[in-house]
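Single-letter residue listing:
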Amino acid sequence: MTVDEQFAAIKRGALEIVPEDALKAKLKKAAETGKPMKIKLGLDPTAPYIHLGHAVVLRKMRQFQDFGHEVYIIIGDFTASIGDPSGKSATRPQLTEEEIRENAKTYYDQYCLILDPEKTKVVFNSEWLGKLSFADVIKIASKITVARILERDDFETRLSEGRPISMHELLYPVCQAYDSVVLQADVELGGTDQKFNILMGRDLQTQYGQSEQVGLFMPILTGLDGVQKMSKSLDNYVGITEEP
């Protein structure tokens, strides 16, 4: 399959690719050098199920696998203890280490229903985030401005309405961005609610002198309540292993 055919297939069904020309360039480089791209997807084990919303992104990941690229699933066992504030109107409850470990156990069998298990690399972000000293965290945080963090719609809204934002929530996008630096990701996938976090990865990679990852954003499914996005934390999801 040619580079143009690969790009057309990858773009099909995606809502946005940031930036498109960079993805074309990365596909071309991979074809010329024979070195596959690193494709990243982060999953926080905040519940024991992967739901249909995740399946939308996982199917796109499978396309990259079929084109010969390396797919990395980052199990956010460290970031799950923070809780992703994306789209949240209040501080998300933090999970215990036991809850995170139990949820993570169930993930492998579920995402392998869609991905090729022999071609899927799985890593836990506690492997690097858990080893950072407080001085390391300060050094990483110094590369990102407060103004940039507060550009997030959910933070901006909560501030304007006088609702609290905890300091640990501000660090979540920094942690996710640092995952991209460690992995040296070429492409990161996610729903449109992950746009800020994924673009933050591009910013931080630049600060570390790396080639910026491409953000590929897929549609978000509406949950069973018919109003909010399908979400584990909102308990309005359909797990991919549930009975019809």
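A. Here's a closer look at the packing of aromatic side chains. Scanning the entire structure with this criterion turns up three aromatic pairs. With 6.1 Å between their ring centres and 45 degrees between their planes, Tyr49 and Tyr237 make a pair best called tilted. In this pair, Tyr49 sits in the loop between strand E2 (38-43) and helix H3 (52-66) while Tyr237 sits in the segment after strand E6 (214-218), placing the two residues 188 residues apart along the sequence. Residue classification places Tyr237 among the buried residues on the basis of a relative accessible area of 12%. Arranged with centres 5.7 Å apart and planes meeting at 75 degrees, the rings of Tyr108 and Tyr111 form a pair that is edge-to-face. Pair noted here: Tyr108 and Tyr111 are both in helix H5 (residues 107-111), with a separation of three residues, about one helical turn.

B. Up close: the sheet that holds E2. Taken in spatial order, the six strands make up an open sheet running E1-E6-E5-E2-E3-E4, and their pairing is mixed. Looking at the sheet topology across the chains shown, the edges are occupied by strand E1 (16-18) and strand E4 (120-124). On average, each strand axis in the sheet is tilted by 25 degrees relative to the strand beside it, whichever way the strands run. As defined by bridge partners, strand E3 (residues 70-75) adjoins E4 across five bridges and the pair is classed as parallel. Bridging across to E4, Ile73 finds its partner in Val122.

C. Broad picture of the pairing of strand E5 (residues 187-191). Counting buried positions along E5 gives five out of five residues, so the element sits mostly inside the fold. Where E2 and E5 come together, two bridges link them in parallel fashion. Directly across from Ile39, in E5, lies its bridge partner Val187. Viewed along the sheet, the connection from E5 through helix H11 (residues 195-207) into E6 turns out right-handed.

D. Main features of the packing of helix H1 (residues 3-11) against helix H2 (residues 20-33). Relative orientation of the contacting elements H1 and H2 amounts to 135 degrees, with a least axis distance of 10 Å. As far as their axial angle goes, H2 and H1 are oblique. As for how H1 packs across H2, the hand of that crossing is right-handed. Every residue of H2 that contacts H1 at Val3, Gln6, Phe7, Ile10 and Lys11 is listed here: Glu20, Leu23, Lys24, Leu27, Lys28 and Ala31.

E. Broad picture of the side chain of Asp186. Structurally, the position occupied by Asp186 is in the loop between helix H10 (167-183) and E5. For Asp186, a relative accessible area of 19% corresponds to the buried category. Within the structure, the side chain of Asp186 is placed 3.2 Å from the side chain of Lys26, a separation counted as a polar contact. Engagement of the side chain of Asp186 in a polar contact is seen with the backbone nitrogen of Lys38, the distance being 2.9 Å.

F. Fine view of the nonpolar core. Counting 32 residues, the largest nonpolar core has Leu23, Phe64, Ile73, Tyr111, Val187 and Leu216 as the members making the most contacts within it. At the level of secondary structure, the elements contributing two or more residues to this core comprise H1, H2, E2, H3, E3, H5, E5 and E6. Per-element accounting of this core gives the leading share, five residues, to H3. Once residues within four sequence positions are removed from consideration, Val187 is found in contact with Leu23, Met37, Lys38, Ile39, Lys40, Phe64, Gln213, Val214 and Leu216.

G. Spotlight on the pattern of salt bridges. Taken as a whole and assessed by the stated rule, the structure comprises 12 salt bridges. Between Asp186 and Lys26 there is a salt bridge, and its shortest N-O distance comes to 3.2 Å. Of this pair, Asp186 sits in the loop between H10 and E5 while Lys26 sits in helix H2, and the two are 160 residues apart along the sequence. When the shortest N-O distance is used, the salt bridge between Arg202 and Glu212 registers 3.1 Å. One end of the pair, Arg202, is in helix H11; the other, Glu212, is in the loop between H11 and E6, and 10 residues separate them in sequence. Judged by relative accessible area, which is 13%, Arg202 ranks as buried. What makes Glu212 partly exposed here is its relative accessible area of 32%. Salt bridges linked by common partners bring Arg148, Glu151 and Asp203 together as one network.

Calculation rules
Residues numbered from 1 in each chain as written. Predicted model: local features only at pLDDT ≥ 70, side-chain atom pairs only at ≥ 80, totals over all residues. Heavy atoms only, no water. Phe/Tyr/Trp six-rings, centres within 6.5 Å; stacked < 30°, edge-to-face > 60°. Helix = DSSP H or I, 4+ residues; strand = E, 2+ residues; numbered from the N terminus. Buried < 20%, exposed > 50% of the residue type's maximum accessible area, 1.4 Å probe, protein only. Pairing = 2+ DSSP bridges. Axes fitted to C-alpha atoms, helices over the stretch in contact; angles between N-to-C directions. Right-handed = clockwise from strand over helix to strand, strands pointing away. Parallel < 35°, antiparallel > 145°, perpendicular 65-115°, else oblique. Left-handed = near helix turned anticlockwise from the far one by under 90°. Contact = heavy atoms within 4.5 Å. Polar contact = N/O pair within 3.5 Å; in protein donor to acceptor, adjacent residues only side chain to side chain. Core = buried A, V, L, I, M, F, W, Y, C linked by side-chain atoms within 4.5 Å. Salt bridge = Lys/Arg side-chain N within 4 Å of Asp/Glu carboxyl O.

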